[in-house]
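What follows is the residue order along each chain.
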There are 10 protein chains.
Amino acid sequence: MSLASLDVLQHPSLPQSSITLFEAKAKKKVSFEEISKELGRDEVAIAALFYGQARASAEDIKKLSDYFGIDHATLETQMAGFPDRGKSIEMPPREPLIYRLYEIVQNYGYAYKAVLNEKFGDGIMSAISFSTHVEKEIDKDGAAWAKITLRGKWLPYTRF
Amino acid sequence: MSLASLDVLQHPSLPQSSITLFEAKAKKKVSFEEISKELGRDEVAIAALFYGQARASAEDIKKLSDYFGIDHATLETQMAGFPDRGKSIEMPPREPLIYRLYEIVQNYGYAYKAVLNEKFGDGIMSAISFSTHVEKEIDKDGAAWAKITLRGKWLPYTRF
Amino acid sequence: MSLASLDVLQHPSLPQSSITLFEAKAKKKVSFEEISKELGRDEVAIAALFYGQARASAEDIKKLSDYFGIDHATLETQMAGFPDRGKSIEMPPREPLIYRLYEIVQNYGYAYKAVLNEKFGDGIMSAISFSTHVEKEIDKDGAAWAKITLRGKWLPYTRF
Amino acid sequence: MSLASLDVLQHPSLPQSSITLFEAKAKKKVSFEEISKELGRDEVAIAALFYGQARASAEDIKKLSDYFGIDHATLETQMAGFPDRGKSIEMPPREPLIYRLYEIVQNYGYAYKAVLNEKFGDGIMSAISFSTHVEKEIDKDGAAWAKITLRGKWLPYTRF
Amino acid sequence: MSLASLDVLQHPSLPQSSITLFEAKAKKKVSFEEISKELGRDEVAIAALFYGQARASAEDIKKLSDYFGIDHATLETQMAGFPDRGKSIEMPPREPLIYRLYEIVQNYGYAYKAVLNEKFGDGIMSAISFSTHVEKEIDKDGAAWAKITLRGKWLPYTRF
Amino acid sequence: MSLASLDVLQHPSLPQSSITLFEAKAKKKVSFEEISKELGRDEVAIAALFYGQARASAEDIKKLSDYFGIDHATLETQMAGFPDRGKSIEMPPREPLIYRLYEIVQNYGYAYKAVLNEKFGDGIMSAISFSTHVEKEIDKDGAAWAKITLRGKWLPYTRF
Amino acid sequence: MSLASLDVLQHPSLPQSSITLFEAKAKKKVSFEEISKELGRDEVAIAALFYGQARASAEDIKKLSDYFGIDHATLETQMAGFPDRGKSIEMPPREPLIYRLYEIVQNYGYAYKAVLNEKFGDGIMSAISFSTHVEKEIDKDGAAWAKITLRGKWLPYTRF
Amino acid sequence: MSLASLDVLQHPSLPQSSITLFEAKAKKKVSFEEISKELGRDEVAIAALFYGQARASAEDIKKLSDYFGIDHATLETQMAGFPDRGKSIEMPPREPLIYRLYEIVQNYGYAYKAVLNEKFGDGIMSAISFSTHVEKEIDKDGAAWAKITLRGKWLPYTRF
Amino acid sequence: MSLASLDVLQHPSLPQSSITLFEAKAKKKVSFEEISKELGRDEVAIAALFYGQARASAEDIKKLSDYFGIDHATLETQMAGFPDRGKSIEMPPREPLIYRLYEIVQNYGYAYKAVLNEKFGDGIMSAISFSTHVEKEIDKDGAAWAKITLRGKWLPYTRF
Amino acid sequence: MSLASLDVLQHPSLPQSSITLFEAKAKKKVSFEEISKELGRDEVAIAALFYGQARASAEDIKKLSDYFGIDHATLETQMAGFPDRGKSIEMPPREPLIYRLYEIVQNYGYAYKAVLNEKFGDGIMSAISFSTHVEKEIDKDGAAWAKITLRGKWLPYTRF
């Protein structure tokens, strides 16, 4: 199996921790799934954490430091703050895989809105009180399918 | 229950069929879930069809025409062509509900890519060989959660 | 006192209800503050409702219809759906008053983030579970000050 | 409590003083609230000052230098000029917390304008003759709410 | 002398009053200078008013109505609200005359800021507490020069 | 009095001469007004020259070199070429002081055009055969006002 | 020979006069070259005038009215004002012929600047005190070449 | 006479050869006209070559290397590839001299198209099979005029 | 087989001829392949002609008029001018099918350039002296493949 | 024959492997066609691989390492991850050769869609299950033509 890695030249706006973590990952040759088991978090959350898009708890930092043999103080300094999200990508995404997700929003955006409004009323699906998960399915013909689940709390607009 | 409707002033770039269908829907006062049962398709697909983002089969057109009492020839003329997708929205989306979906792509885009690449290799999740579904969940505290599933065929890059 | 009105040529993307309501308001010569008292909602919410940015309850529609003498069925048809927010303005705002608010976000955005993160942890202030209010203050020198309050529920990022 | 910090890779356009100050803050492990008390200024103003969005008086520089043990001449050189505001962020903001504030302007912009115009006449709320404050409220159910106050002088358009 | 006029096809976002006023001006064949004398306001203010960028007082509306023979009630309805500024132009300006002004800001922007900061301290020149005037000068060689004066109140940043 | 300075991190696209000159200015602690007297040019021109937006004559370079004690050959090399204008700023300007000037163009652009066309005919006010000046005025109430004068040659369109 | 014409659906922002003139041209079946001889102006100037990008003198209007049999008063009303230039096109141009001209500026822009600066000093070639001409050349192999001449007055930057 | 030079801080996207060549040019103090004579090519072509916008033949490289005393192997490595055109500038151009050329395309684009189409039929003037030249003219009043000639092969659209 | 049609609401910038032709096509229920045989041109060229992106010869107009029973004079008026290309689409394309083509350019653009430069030297593949063709292939597993051929004349840069 | 090379200053966002490979290519002085034969892949694929737009198999890396004498471990580290496509270019492309391809999509986009839809139904041509090839043709007059073939699997929209 091949592993996702980071080329810093292509991602100059990621935090210092991304460089530290991806280098450690490349050295240890482990997948996000494996790290995920170590930290007890979903592998998308782990990958997001590597890209500076999710927060690591003190315990996460401790585990990452132990698992990868990274100096704990260094990692703590790099990860102690609050993620500055949205710096991993410029929209519209030029990466084809990510563009397909963007296109789903572009094409089905109003359909989602109409269906959600009819089911839940006036409001939004939270992207904060939110989790997501990726699965691999193999159909009866042996073809592979990716299944992404998005689950967010419904927030109704406050009447004021 | 309230129903999703269309204000043409706000959507001048939708096809003629959107106007016809939303008017009929408003008159008959039915939800996408109800229409969905009538046509035997997912309600997101139905809503996409209303917004000109999905194709109606000849049978769909027949059923829509019967169900809503719309002149069949008129509807056929309006829906016989091929959808010109992407005209329902301008990106980035300004509608808060749709923006949250966009933000998920913005924040988790590279995390999805990394996890999918490690699971499937070099390729993309298709947005064409693709289906999606929306569910409503109520947790033990009575809070509502929206769950959106995206399922697409995995397409590996051709080696050439 | 002068009253806010709507010039349709300048706002072609507002919903039909905006035209109906602003015309009625101009005819009856009432301020948002007065309408606010009639509906028992904050005047910013009322103005947002006039611009198609907030939802009217069935009771709101009834009251508006009675108060302005607008045919109830017409108003219901125009307002029964779900607001398609974000269509009243193009960003960055060119209107000087609104630009000042935009500039506050531009200038103090990261300062707000830093302070809120330190006070609440990793999360956001909701713009949905949210209310806002405008006040006029006169200082001891007789100068007028505008005070805008934004109050939103704190949503911590879900750990997953 | 966790502290807001600065990752220079993510903010290459901030002034030299931001680097100096955030490094000192990380070393001393103090919050903006604590620094705020030291300087006798609002914590949002302090955070803005750290991001190069507010001006430090000679006395502020002196106090910061003493408090953090930064060489006074260095800090003076870095902070003596006039802030070059607007360089901390690119609009529209991609950071979710800041985006929510942007969305509030996008959604309620014209509502604020209409209400302010009716209350004050033709003019704007100044973003210069302006102060802002953040508060944390806990409601009776134990939920946390953020309250942001914006207070600006009303400037009527000059008639000429 | 030729007169400035309005071609509605080229300015679809101007308010209804712009059409009314420019038509009356074309019919009466008067310059902004002449109207300016009638209303006792600067001719730039008058032109701004014609483009929907400045507010007319009740007295201005009365005078315009009398001077041009426009039905007073009609003009009042069209001009009674508050100007929705910024809709006369898209930036960057494509009109060469206006582009030159834009270019002056682009080229001398930071020079103005540096000089103003050194003269006045940290703050801005108001564009609201503001007036402007245009003059024509003929030099000794008979060449014509345009002189535009911008005069705005200096607003220092509030310390908070 | 405080002095305008340059933070190179915030202005990576300015020419080498800007760095040299601003460093010398900071060291000598002089204002643009003082330098202006030394060179016999308007202080806005001097500031523009420091930002790489105006050309220095051989004599200017000599005087700057003498005044600041900068090696003449170095300064000559850095300033001998032709200014590459427009690199000091990205439009729309995010700096509030400069934005106000931009807003004046946005709001009064067509008003200026209409008035200038009626006064001068079809043409433009040159931004090249052009000078500008800044003045500080104190009104009878002690309030400070900034006055900016723009003076450009009128260029009529050639008939061909 | 085929003639250039105007499809209003593709050019909704041109002035009313463009519609009048192009309709008359299509009816009379004349080329810009022929009209050019009639008015004694360059054919590019004539075409620019048809697109609302150049000014017609009183005599031009008279001749156009006579030549095309258009009611003089109508044409005068439509053409008496000052051209609002820049509304015929959106940049970057999507039309391939015009894009090629744009590409020439993009590719050779700095080369032109360097050469012009060395020949003339610090300044610009005016686009106002300016004329342009198009010629057709047939080389010895029978191939056709287009030759466009741009001729503008050199404007040196004023020293101030 | 002053010479055009390159400030690398202002042009970070130019090829390595631009730095080498401009440095050599500054050292040798020669104009593009002089280099032009040396290489037997038009001075605009030479300047374009310096900005990485035109290709140097093997012989050009040899001559440049000899003329400027640059190590031949170095120059060959830097110039042997194919120009990656379009990296010298961001459009719309902010440099006033280049903007004027851009404005000519913006204002006269459709006029050129109409005239060229009538003269040559459906096609374009090539920007590849293309040459350009700059001349200086002094009129009888002593005023300087710049004349730029663009000459491109006419390419008719292939009928297929 | 289903037929491509035009919904005018979605394409307000197409020429009048597009409406005429698509209406006739819908009425006669013919494919582009069938029309292609009638006119003896490639079906992509025919479709381009329907979208106003290719020129019809006098003979094409005659044939279209006969074939569809459209009044010849009407069609001639609508199609006699020169195509104003590029108005059928806004880039980046939001339509998924067209986006895939755009993505091919985005992903392989520099690869094409490198390979073409090595094969042909410094120049471009013309998009004017150009033809294109679409084929359908069925592979041995019964899967359908689209094959698009682009063929353009190689234009070497003129040395000048 | 000249060879395509890479100037890192012009491509700061390419992965580390691009620098390694292009340097090796320049040193060995080989064309993409030659490398293509070595690896048994199409030369466009090879060029794409050099620009970080295609994936190298373990065997490709081995061959590249052997062929160019690059340390295998280094190359493996640089190329083992998954390509982050779309970083080689900013759209719209400014490079004239690539722009021509972009223009083909812009001009013929809807024509391709219409023809493909009629031939295949509702769907897209995959850019992933995709290969492309470049050929050089010399016509009977000795003129060179470039022929680019795009071949992608047809993906019909899933009905759901």
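Residues numbered from 1 in each chain as written. Chains lettered and ligands numbered in written order. Predicted model: local features only at pLDDT ≥ 70, side-chain atom pairs only at ≥ 80, totals over all residues. Heavy atoms only, no water.

**Looking at the overall build of chain A**
Inclusion rule: Secondary structure elements are defined from DSSP: runs of H or I of at least 4 residues count as helices, runs of E of at least 2 residues count as strands, and each element is numbered from the N terminus. Burial here depends on accessible area, computed with a 1.4 Å probe over protein chains only, as a share of the maximum for the residue type. Under 20% is buried, over 50% is exposed, and the range in between is partly exposed. Here, two residues are considered to be in contact whenever any of their heavy atoms come within 4.5 Å of each other. All accessible areas in this document rest on Shrake-Rupley with a 1.4 Å probe, and a residue is counted as covered only by the protein chains that are shown. The convention is simple: Lys and Arg are positive, Asp and Glu are negative, and His and the chain ends are not counted. Positions of charges follow a simple convention, taking NZ of Lys, CZ of Arg, CG of Asp or CD of Glu.
Within chain A, the regular secondary structure consists of 6 helices and 2 strands. Element order for chain A, N to C, with α for helix and β for strand: α-α-α-α-α-α-β-β. If one aligns the C-alpha atoms of chain A with their principal axes, the spans along those axes are about 50 × 50 × 30 Å. Within the span of chain A, comprising 160 residues, buried residues form 66% of the whole. For chain A, restricting intrachain contacts to residue pairs at least 6 apart in sequence, the fraction spanning at least 24 positions comes to 52%. A total accessible area of about 5600 Å² is found for chain A, and carbon and sulfur atoms account for 49% of it. For chain A, the centre of its 21 positive side-chain charges and the centre of its 22 negative side-chain charges are spaced 3 Å apart.

**Describing the interface of chain A and chain B**
Spelled out, the test is: Once two parts are brought into contact, the accessible area they lose, counted with a 1.4 Å probe and summed over both, makes up the buried area. The term salt bridge refers to a pairing of a side-chain nitrogen on Lys or Arg with a carboxyl oxygen on Asp or Glu at a separation within 4 Å. Nitrogen and oxygen atoms within 3.5 Å of one another constitute a polar contact, given that in protein one can donate a hydrogen and the other can accept it, and given that sequence-neighbouring residues count only through two side-chain atoms.
The interface is formed by 71 residues belonging to chain A together with 71 residues belonging to chain B. Approximately 7200 Å² of surface area, both sides summed, lies buried where chain A meets chain B, with 71% of it carried by carbon and sulfur atoms. Between the two partners, chain A and chain B, sit 8 salt bridges. Between B:Glu137 and A:Arg151 there is a salt bridge, with its nearest N and O atoms 2.8 Å apart. Taken together, the links from chain A to chain B amount to 22 residue pairs in polar contact (both at pLDDT 80 or more). Counting residues per element, the ones that place at least two in the side of chain A that touches chain B are helix H2 (32-39), helix H3 (43-50), helix H6 (96-120), strand E1 (123-138) and strand E2 (144-156) of chain A.

**Concerning the relation of the copies chain F and chain G**
Inclusion rule: A least-squares fit on C-alpha atoms brings the copies together, and the residues used are those whose pLDDT is at least 70 in both copies.
With an RMSD of 0.0 Å, the fit of chain F onto chain G corresponds to turning through 180° and sliding 0.0 Å along the axis. With respect to symmetry, the two chain copies, as superposed, fit the operation of a two-fold axis. Closest approach to the rotation axis among the C-alpha atoms of chain F is made by F:Ser126, whose C-alpha sits 4.7 Å away. Residue by residue, 100% of the interface of chain F is reproduced at the interface of chain G, so both copies engage with the same surface.

**Structural notes on the UniProt feature "domain: HTH cro/C1-type" (unreviewed entry) in chain A**
Cut-off, in case you're wondering: UniProt positions are given in the numbering used here, feature names are shortened, and annotations may be inferred rather than shown by experiment.
Residues annotated by UniProt as "domain: HTH cro/C1-type" (unreviewed entry) correspond here to residues 23-75 of chain A. Counting secondary structure, residues 23-75 of chain A comes out at 70% helix and 0% strand; the distance between its end C-alpha atoms is 13 Å.

**What to know about the interface of chain F and chain G**
Of the residues lining the interface, 32 residues belong to chain F; the matching set on chain G comes to 32 residues. Here chain F meets chain G over a buried area of about 2800 Å², counting both sides, of which 57% is carbon and sulfur. The tally of links between chain F and chain G comes to 4 salt bridges. Salt-bridge contacts for G:Arg159 lead to F:Asp60; the nearest nitrogen and oxygen are separated by 2.7 Å. At the boundary of chain F and chain G, one finds 16 residue pairs in polar contact (both at pLDDT 80 or more). When contributions to the side of chain F that touches chain G are tallied by element, the ones reaching two or more residues are helix H6 (96-120), strand E1 (123-138) and strand E2 (144-156) of chain F. Of all the elements, E1(F) adds the most residues to the side of chain F that touches chain G, at 8 residues.

**Things to note about the relation of the copies chain A and chain B**
Taken as rigid bodies, chain A and chain B are interconverted by a rotation of 180° and an axial shift of 0.0 Å, the fit giving an RMSD of 0.0 Å. With an isologous cut-off of 70% or more, the 100% of interface residues of chain A that recur at the interface of chain B puts this contact in the isologous class.

**As for the sheet that holds strand E2 (residues 144-156) of chain J**
Applied cut-off: The criterion for strand pairing is that DSSP finds at least two bridges linking the strands in question. The axes used here are C-alpha line fits, helices contributing only the stretch in contact, and every angle between their N-to-C directions lies in the interval 0 to 180 degrees.
The strand order across the open sheet built from 4 strands is E1(I)-E2(I)-E2(J)-E1(J), with neighbouring strands paired in antiparallel fashion. Two strands in the sheet have a free side with no partner beyond their single neighbour: strand E1 (123-138) of chain I together with strand E1 (123-138) of chain J. Averaged over all neighbouring strand pairs, the angle between strand axes comes to 20°, with direction disregarded. As paired strands, E1(I) and strand E2 (residues 144-156) of chain I are joined by 12 bridges and run antiparallel to one another. Bridge pairing in E2(I) links I:Phe130 to I:Gly152. Relative to the sheet, helix H6 (residues 96-120) of chain J contacts E1 and E2 of chain I together with E1 and E2 of chain J, its axis offset from that of E1(I) by approximately 25°.

**Considerations on the UniProt feature "active site" (unreviewed entry) in chain A**
Taking the UniProt record as the reference, the feature "active site" (unreviewed entry) is found at A:Arg100, A:Glu103 and A:Ser126. Position of A:Glu103 relative to the elements: it lies in helix H6. Residues contacting A:Glu103, with those up to four places away along its chain left out, are B:Ala127, B:Ile128, I:Pro96, I:Tyr99 and I:Arg100. When its relative accessible area of 2% is taken as the criterion, A:Ser126 is described as buried. Leave out the neighbours within four places in its chain, and A:Ser126 touches A:Gly152, A:Lys153, A:Leu155 and C:Leu155. For A:Ser126, the side chain forms a polar contact with the main-chain nitrogen of A:Ser129, separated by 2.9 Å.

**Considerations on the pairing of E2(J)**
Consecutive side chains along a regular strand alternate between the two faces of the sheet. In this structure, E2(I) lies alongside E2(J), joined through 9 bridges in antiparallel fashion. Residue pairing for E2(J): I:Lys153 is matched across the bridge by J:Trp145. Connecting the antiparallel pair E1(J) and E2(J) is a turn made up of 5 residues, with J:Gly142 showing a positive phi of about 85°.

**Let's talk about helix H4 (residues 58-68) of chain J**
Residue and element names in this part refer to chain J. Three or more residues of H4 are buried, namely Asp 60, Ile 61, Leu 64, Ser 65, Tyr 67 and Phe 68. In this structure, the buried residues of H4 make contact with helix H1 (16-28), helix H2 (32-39), helix H3 (43-50) and helix H5 (72-79). One or two steps after H4, the chain reaches Gly 69, where phi turns positive at roughly 65°.

**Thoughts on the pattern of salt bridges**
All names here are of chain D. For the structure on display, the rule yields 110 salt bridges over all chains. The shortest N-O distance in the salt bridge between Glu 59 and Lys 63 comes to 3.4 Å. Here the residue Glu 59 and the residue Lys 63 both occupy positions in helix H4 (residues 58-68), the gap between them amounting to 4 residues, near one helical turn. Among the residues examined, Lys 63 registers a relative accessible area of 29% and is labelled partly exposed.

**Considerations on the sheet that holds strand E1 (residues 123-138) of chain B**
Ordered by their spatial adjacency, 4 strands build an open sheet running E1(A)-E2(A)-E2(B)-E1(B), and the pairing between neighbours is antiparallel. Edge positions in the open sheet fall to E1 of chain A together with E1 of chain B, since each of these has one partner strand only. The sheet shows a mean angle of 20° between the axes of neighbouring strands, taken without regard to direction. Sitting on the sheet, helix H6 (residues 96-120) of chain B touches E1 and E2 of chain A together with E1 and strand E2 (144-156) of chain B, and the angle it makes with E1(A) is about 25°.

**Some details on the packing of aromatic side chains**
The condition is simple: Ring pairs are drawn from Phe, Tyr and Trp, using the six-membered ring of Trp, whenever the two centres fall within 6.5 Å, and their geometry is named by plane angle: stacked under 30 degrees, edge-to-face over 60, tilted for the rest. Here, a charge over a ring is recorded when the distance from Lys NZ or Arg CZ to the ring centre is within 6 Å and its angle to the ring normal is within 35 degrees.
What the rule picks out here adds up to 130 aromatic pairs over all chains. Directly above the ring of G:Phe32 sits G:Lys25, whose terminal nitrogen or CZ lies 4.4 Å from the centroid.

**Focus: the arrangement of the chains**
A gap remains between chain A and chain H, with no contact made and the closest C-alpha atoms lying 15 Å from each other. Looking at chain C next to chain I, you find no contact at all, with the nearest C-alpha pair sitting 15 Å apart.

**As for a negative patch on the surface**
Selection rule: To count toward a patch, a residue needs a relative accessible area above 30% and no salt bridge. Like charges then connect within 9 Å, nonpolar side chains (Val, Leu, Ile, Met, Phe, Trp, Tyr) within 5 Å.
Among the surface-exposed residues, A:Glu90, D:Glu90, F:Glu90, H:Glu90 and J:Glu90 lie close enough to one another that they form a single negatively charged patch. With respect to the helices and strands, H:Glu90 occurs in the loop between helix H5 (72-79) and helix H6 (96-120). Using a relative accessible area of 58% as the deciding quantity, one classes H:Glu90 as exposed.

**Structural notes on the confidence of the model for chain A**
Where we set the bar: Here pLDDT means the predictor's own confidence in every residue, given as a number from 0 to 100.
Put simply, chain A has an average pLDDT of 97, and 99% of its residues get 70 or more. In the predicted assembly, ipTM is 0.97 and pTM is 0.97.

**Focus on the side chain of B:Arg100**
Relative to the elements of secondary structure, B:Arg100 occurs in helix H6. Filtering out sequence-adjacent residues up to four positions away, B:Arg100 remains in contact with A:Ile124, A:Met125, A:Ala127, C:Ile128, D:Tyr99, D:Arg100 and D:Glu103.

**Section: the side chain of B:Glu95**
Among the structural elements, B:Glu95 can be located in the loop between helix H5 (72-79) and H6. Here the side chain of B:Glu95 touches A:Lys113 through a polar contact of 3.2 Å, side chain to side chain. Each residue touching B:Glu95, except ones within four places of it in the same chain, is listed here: A:Tyr110, A:Lys113, C:Pro83, C:Asp84 and C:Arg85.

**Concerning unusual backbone geometry**
Residue A:Pro92 is bonded to the preceding A:Met91 through a cis peptide linkage, with omega at -5°. Of note, A:Pro92 is situated in the loop between helix H5 (72-79) and H6. Positive phi outside glycine occurs at G:Lys29, with the angle close to 55°. Take G:Lys29: its relative accessible area is 62%, and that puts it in the exposed class.

**Remarks on the environment of E:Pro92**
Using a relative accessible area of 39% as the deciding quantity, one classes E:Pro92 as partly exposed. Spatially, the C-alpha atoms of E:Pro92 and E:Tyr102 are 7.5 Å apart, while their sequence positions differ by 10 residues.

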